Amino acid sequence: METLRTALACMIFLSLAACAGAPEPAERQAKADGIASTAGFTGETIRTKRFDLHTRRRGGASGGLLIVYIEGDGFAWERRDRRSTDPTPINPVAMKMAAADPAPAIAYLARPCQFTGGEMARNCTSDLWTTARYSEEAVAGMSEALDALKRKADASELALVGYSGGGTIAALLAARRTDIVWIKTVASPLDTDAFTSVHQVTSLSASLNPADKAATLAALPQIHYAGEKDDIVPVAINRRYLARMGDTRCAELVVIPGMDHVHWADVWASLTGEIPACR
């Protein structure tokens, strides 16, 4: 049974093709460096109490708004029965989305242990990109990084855009901060219990569930994008999150026809102008 669960998890979070083999971390890093350089981003590693977090930034906020893009779960499984030793993403979708955003102040925030050495990085274990990917320690470390990015960009407010598991993190961050004015999530499992139930895999017992904070987030402007053909995070999962919110006047679910789980960077430029608002 555990082997079956592991195989299913590999299929869900990466796709079988990715689990079968992947470029080395250095190749993944070089790919991301190319995307960031072309888009005019400068890179920096932010040291938090627990982790060293990889960031990129372009422009300054001059006392205004900084939009922060949060990466997905990355390369979690090396093969069906083995966790990856380095979660640096093969396809950094959130970085590509950040590169497509014309806003004057943009930052990119990787997840713990991505682009910093995987299991060799400070306080990194594979739990942080598997069972504990949305844990208290992960969210707390990323909140520290937001403080640093906000200061470095001279911003007074933040907006968060999260891809896949990055959207899960964005919602959890927004539930504990007062300086976030809106969030957008893209193909994100916002009810992790519903997610594991749909796929019949072991619950993420070491992680937090944004749906538990849905009512707290009800007054925050938010847009949640879902792909009509996304069989990894089906639309129904985000509907379940909204159902737990109750009052959804500030929350919008946008389903993109024909979209799957991975090709959001291809359409993101046309969606950057949509700003969440309460109805």
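Residues numbered from 1 in each chain as written. Predicted model: local features only at pLDDT ≥ 70, side-chain atom pairs only at ≥ 80, totals over all residues. Heavy atoms only, no water.

Novice: If you had to explain the packing of helix α3 (residues 25-38) against helix α4 (residues 93-100) to someone new, which residues and values would you point to?
Specialist: Packing of α3 against α4 leaves a shortest axis separation of 9 Å and a crossing angle of 10 degrees. Classified by the angle their axes make, α3 and α4 are roughly parallel. Between α3, through K31, A32, I35 and A36, and α4, the contact on the second element is made entirely by M95, K96 and A99. (Axes fitted to C-alpha atoms, helices over the stretch in contact; angles between N-to-C directions. Helix = DSSP H or I, 4+ residues; strand = E, 2+ residues; numbered from the N terminus. Parallel < 35°, antiparallel > 145°, perpendicular 65-115°, else oblique. Contact = heavy atoms within 4.5 Å.)

Novice: So, the pairing of strand β7 (residues 157-163): which residues are in play, and what are the values?
Specialist: Summarising burial for β7: 6 of the 7 residues are buried, a large majority. In this sheet, β7 lies alongside strand β3 (residues 65-70) in parallel orientation, the contact comprising 6 bridges. Of the residues in β7, the one forming a bridge with I70 is G162. The β-α-β motif built from β7, the intervening helix α6 (residues 165-174) and the parallel element strand β8 (residues 180-186) has right-handed crossover chirality. (Buried < 20%, exposed > 50% of the residue type's maximum accessible area, 1.4 Å probe, protein only. Pairing = 2+ DSSP bridges. Right-handed = clockwise from strand over helix to strand, strands pointing away.)

Novice: Quick rundown of the pattern of salt bridges? Include the residues and the values.
Specialist: Within the structure shown, the criterion is met by 16 salt bridges. Here R133 ties to D73 by a salt bridge, and the two come within 3.2 Å at their closest N and O atoms. Residue R133 is located in the loop between β6 (106-109) and α5 (136-152), and its partner D73 is located in the loop between β3 and β4 (77-79); the two are separated by 60 residues in the primary sequence. For the pair shown, R133 and D73 are each scored as buried. The closest approach of N and O atoms between R249 and D247, which form a salt bridge, is 2.6 Å. (Salt bridge = Lys/Arg side-chain N within 4 Å of Asp/Glu carboxyl O.)

Novice: Describe helix α7 (residues 192-199), and please don't skip the residues or the numbers.
Specialist: Residues T192, A194, F195, T196 and H199 constitute the buried set of α7. Of the residues flanking the start of α7, the one acting as N-cap is D191, its side-chain oxygen 3.1 Å from the backbone nitrogen of D193. Just beyond α7, the residue with positive phi is Q200, at close to 55 degrees. (Polar contact = N/O pair within 3.5 Å; in protein donor to acceptor, adjacent residues only side chain to side chain.)

Novice: Can you tell me about the environment of A277, naming the residues and giving the values?
Specialist: By the element assignment, A277 lies in the segment after β10 (251-256). Counting along the chain gives 54 residues from A277 to I223, while the straight-line C-alpha distance between them is 8.4 Å. Those residues in contact with A277 that lie beyond four places of it in its chain are P221, R249 and C250.

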